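One letter stands for each residue in the lines below.
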Amino acid sequence: MITRLYSFPARYCRLLSPTPDGMCVITRGYIPLTPMPIVGCAAMEQTDEATDGYRRYTVKITCTLRQRPNASTEPQAFLALTHDGRRLVIGTDSTPYPLQTITDTHSASAADRTSCTLTITLTGSQPALEVI
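Chains are numbered independently. Their residues run from 1 in the order of the written sequence. Residues qualify for local features only when their pLDDT is at least 70, as the model is predicted, and side-chain atom pairs are given and counted only at 80 or more; totals for whole chains, interfaces and linings, by contrast, use all residues. Computation of side-chain values covers all heavy atoms of the structure but excludes hydrogens and water.

Caption draft 1: Focus on the layout of surface pockets. Taken as a whole, the largest pocket spans an internal volume of roughly 300 Å³. Lining the largest pocket are 15 residues, and of these S7, T34, M36, P69 and N70 sit closest to its centre. Mapped by element, the contributors of at least two residues to the lining of the largest pocket are β4 (34-35), β7 (76-82) and β9 (99-105). Residue composition of the lining of the largest pocket, grouped by class: seven nonpolar, seven polar and one charged. Points on a 1 Å grid, built from protein atoms alone, make a cavity when a 1.4 Å probe fits but cannot get out and make a pocket when they are open with protein on both sides within 12 Å along at least 5 of 7 lines; residues with an atom within 4 Å of a point are the lining residues. Grid points are joined across faces, edges and corners, and a volume is the space filled by probe spheres set on the points. For the purposes of this entry, the term helix denotes a DSSP run of H or I that reaches at least four residues, the term strand denotes a run of E that reaches at least two, and both are numbered from the N terminus. As a working rule, the residues Ala, Val, Leu, Ile, Met, Phe, Trp, Tyr, Cys and Pro are called nonpolar, Asp, Glu, Lys and Arg charged, and the rest polar, with Gly in that last group.

Caption draft 2: Up close: the pairing of β7. Among the seven residues of β7, seven are classified as buried, and the element is accordingly described as predominantly covered. Residues Q76, F78, A80 and T82 line one face of β7 and the alternating positions A77, L79 and L81 line the opposite face, and both faces are buried. Two strands are counted as paired when DSSP detects at least two bridges linking them. Two strands pair when backbone bridges link them, and strand β1 (residues 2-9) and β7 are joined in this way by seven bridges, in the antiparallel orientation. Each bridged residue has a counterpart across the sheet, and for I2 the counterpart in β7 is T82. The pairing of β7 with strand β8 (residues 87-90) spans four bridges and is antiparallel. Its bridge partner being in β8, L79 is matched across the sheet by V89. Relative accessible area decides the class of each residue, using a 1.4 Å probe on protein chains only: under 20% of the type maximum gives buried, over 50% gives exposed, and in between gives partly exposed.

Printed below as a string of C-alpha cells:
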C-alpha cells in the first residue's frame, strides 16, 4: 500500500548508487521531489518474469488524484512511500522511463464528483528499488 507518491526529473536518478546486490539504492545528493496529490492510498503491483534468459520486471502504480498533474517537459521518475515506511524508486535516468496514463472521469450526474486516475507503468531490467 502506497501512502505518499512523489515525482522528480529522471535525470536525478544519477544521484542514486546501487548496492552490491543491485536491489537497493543509496542517495548521494539532493533530489527535488514534487508531491502527487493522491486520494487515500495508491495500489502498487510488481511482477517479474524470465524471457530468453533475461529477467524482466513490471511495476504498476494506480491511484486517484485530487487534481490533474501538470505536464512535464522532461521524463519523470517516482518515489513511493509505503505504509510500513519503505521508500521505493520507480525509474532510472535512461530509457525506458515510467509511462504515465491519466484518465479523467466526468459523470453524467451533477451529484457525482469528477476524478482523475493516474496509472504509472514501468517495464525494464530492474524492479522498484528501495532507498536505504
